[in-house]
Amino acid sequence: MLLQLVRGLSTVPHILALPSHPSLANEISQRLGYKISHIPNGSFSNAETKVAVPIQHKEKPVIIQSPHKDINTHLMELLLTVQACKQLSSTPVTAVIPCFPYARSDKSESRNLPIGAKLICKLLEAAGTDEVITVELHSSQTEGFFNIPVSNIQTTQLLADYIISTNSEDKTVLVAPDAGAMKKVTAISELTELPFALIHKERASDGTISRMTLVGDVRGRNAVIVDDMADTCGTVIKAADLLVNNGACGVEAVMTHGILSGAALERINNSSSISSFTVTNTLPQCVDQCSKLRVLDVSKLIGSEIRNRCYDSSLVET
């Protein structure tokens, strides 16, 4: 099989905005000046998902879907849309998934547990996806589950710029809430030249956190908790309380993906330790429900990668 490099503007990108995050799709479309079509929620009487795709033969489909809340329905919408595009157009199909679903299920803790992230990768390939654009996978090993090109956009510089712009350099310390966040924290530390600390967690036999120990000095400093995602926020709130008890004069959180499920917003609102909670808009955010919530825009990062994928080059089988 011969792979031929084709350059130029032989196809016209067409953004297909699925229902999960229409505002982000609009922002990306406006930045790029691409045609956009919004595909509404649809289902048959038996609750099976229904989609109709307005793609022309020579248009390049760029499908944007960031599953959240009704994750499994959003996944089916994405898979069906990809498959429909492959039937209608001969051009490669790009799936833009800002927050990758089942990302934390990237390894099997025991033989009777599935690897959900791997399954999602295989489903996307089976539907006909030619390339995937996502933002900060929970684990880089998820890229290895794919046999198609994957762009894993990093938000390190975006978060670093925000932290520096909102904090005094000589009175700020970065904090990793667990060992898994250390890679991200050290990367931001290198960019900002800020010191960092680590919270070591010990778990009981049932998986709950039995003890949290601070490694590093936060006294008299504003502590910035950094991680790739925030879900129920129970651990983040406990970490903030620990930092205050160890002399931090203030605590804020800066995360990439704001899942914020369950009682997360209520916990943030009720916390006396956290002054602000910043996430990106890889997922829709309810800023009206939480006065401490701040949102950073990733549409420029995603838009740049889409433009590169659409116009730089493409691989066409001949």
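Here the residue numbering is sequential within each chain, running from 1 through the sequence in written order. Predicted model: local features are reported for residues with pLDDT of at least 70 only, side-chain atom pairs are reported and counted for 80 or more only, and whole-chain, interface and lining totals are derived from all residues. Derived side-chain values reflect all non-hydrogen atoms in the structure, with water molecules and hydrogen atoms excluded from consideration.

### Here's the deal with the nonpolar core
Where a protein is soluble and globular, its nonpolar side chains tend to be buried together. Counting residues in each nonpolar core, the largest one holds 30 residues, and the members touching the most others are Ile225, Leu243, Leu260 and Phe277. Put simply, the parts of the chain that give this core at least two residues each are β8 (172-176), β9 (196-203), β10 (209-215), β11 (222-230), α6 (234-245), β12 (250-258), α7 (264-270) and β13 (274-280). Each residue touching Phe277, except ones within four places of it in the same chain, is listed here: Ala230, Cys233, Val236, Ala253, Met255, Leu260, Ile268, Lys292, Leu293 and Arg294. For the purposes of this section, nonpolar cores are sets of buried Ala, Val, Leu, Ile, Met, Phe, Trp, Tyr and Cys residues that join through side-chain atoms within 4.5 Å. Between buried and exposed lies partly exposed: a residue is buried under 20% and exposed over 50% of the maximum accessible area for its type, with that area taken using a 1.4 Å probe on protein chains only. Ala95, Ile120, Leu124 and Ala127 belong to the second largest nonpolar core, which has 28 residues in total. By the criteria applied, helices consist of DSSP H or I runs no shorter than four residues and strands consist of E runs no shorter than two, each listed in order from the N terminus. Any two residues having at least one pair of non-hydrogen atoms within 4.5 Å are treated as being in contact.

### Some words on the confidence of the model for the chain
On average, residues of the chain carry a pLDDT of 91, and 93% of them reach 70 or more. Across the chain, strand β14 (residues 293-296) holds the top mean pLDDT of 98, while strand β15 (residues 314-317) sits lowest at 41. Considering only residues more than four positions removed or in separate chains, one finds that residues 1-9, a stretch of pLDDT under 50, has 20 contacts. With pLDDT under 50 throughout, residues 313-318 is counted as low confidence; its partners more than four residues away or in other chains account for 18 contacts. What pLDDT reports is the predictor's confidence in each residue, on a scale of 0 through 100.

### With respect to the pattern of salt bridges
The salt bridge criterion pairs a side-chain nitrogen of Lys or Arg with a carboxyl oxygen of Asp or Glu, the two atoms within 4 Å. Counted by the stated rule, this structure contains eleven salt bridges. Among the ionic pairs, Glu131 bridges to Lys60, the shortest N-O distance being 3.1 Å. Note that Glu131 is positioned in strand β6 (residues 131-135) and Lys60 in strand β4 (residues 59-64), a separation of 71 residues in sequence. Across the pair Asp130 and Lys86 runs a salt bridge, and its minimum N-O distance is 2.9 Å. Taken together, the residues Asp130 in the loop between α3 (116-127) and β6 and Lys86 in helix α2 (residues 71-88) connect sequence positions 44 residues apart. Several salt bridges share partner residues, and in doing so they unite Lys60, Glu131, Glu305 and Arg309 into one network.

### So, the state of the cysteines
Cysteine sulfur atoms that pair up within 2.5 Å are treated as a disulfide. As enumerated under the stated definition, the model contains zero disulfides in all. Here Cys286 stays unpaired: no disulfide links it, and the sulfur of Cys290, its closest cysteine neighbor, is 10.0 Å away. The class for Cys286 is partly exposed, based on a relative accessible area of 28%.

### Brief notes about the layout of surface pockets
If a probe as big as a water molecule is rolled over the atoms, it shows which places are left empty. Taken as a whole, the largest pocket holds about 1100 Å³ of empty space. Looking at the lining of the largest pocket, the elements that each hand over two or more residues are α5 (182-192), β9, β11 and α6. When residues are sorted by character, Ala, Val, Leu, Ile, Met, Phe, Trp, Tyr, Cys and Pro go into the nonpolar class, Asp, Glu, Lys and Arg into the charged class, and all the rest, Gly among them, into the polar class. Counted by class, the lining of the largest pocket contains ten nonpolar, twelve polar and 13 charged residues. A 1.4 Å probe that fits but cannot get out identifies a cavity on a 1 Å grid over protein atoms alone, an open set with protein on both sides within 12 Å along at least five of seven lines counts as a pocket, and a residue lines either if it has an atom within 4 Å of a point. Grid points are joined across faces, edges and corners, and a volume is the space filled by probe spheres set on the points.

### Some words on the packing of aromatic side chains
Put simply, two rings from Phe, Tyr or Trp (the six-membered ring, in Trp's case) pair if the centres are within 6.5 Å, and we call them stacked under 30 degrees between planes, edge-to-face over 60, tilted for the rest. A complete count under the given rule lists one aromatic pair for this structure. With 6.0 Å between their ring centres and 80° between their planes, Phe100 and Phe146 make a pair best called edge-to-face. Note that Phe100 is positioned in the loop between β5 (94-97) and α3 and Phe146 in the loop between β6 and β7 (150-153), a separation of 46 residues in sequence. Charge over a ring is defined by NZ of Lys or CZ of Arg lying within 6 Å of the ring centre and within 35 degrees of the ring normal. Between the NZ or CZ atom of Lys50 and the centre of the ring of Phe44, over which it lies, the distance is 5.2 Å.

### Quick look at the sheet that holds β4
Spatial strand order, β3-β2-β4-β5-β6-β7: six strands in an open sheet with parallel pairing. Looking along the sheet, the strands with just one partner apiece sit at the ends: β3 (35-38) and β7. The mean inter-strand angle of the sheet, taken between neighbouring strand axes irrespective of direction, is 20°. Alignment of β4 against β5, held across three bridges, turns out to be parallel. Each residue of the ladder has a partner; that of Ile63, found in β5, is Ala95. Geometry is summarised by axes, namely lines fitted to C-alpha atoms with helices restricted to the contacting stretch, and by angles between N-to-C directions that run from 0 to 180 degrees. Contacting β2 (12-17), β3 and β4, helix α1 (residues 22-32) crosses the sheet at an angle of about 165° to β3. Pairs of strands are assigned from DSSP output, requiring at least two bridges between the strands.

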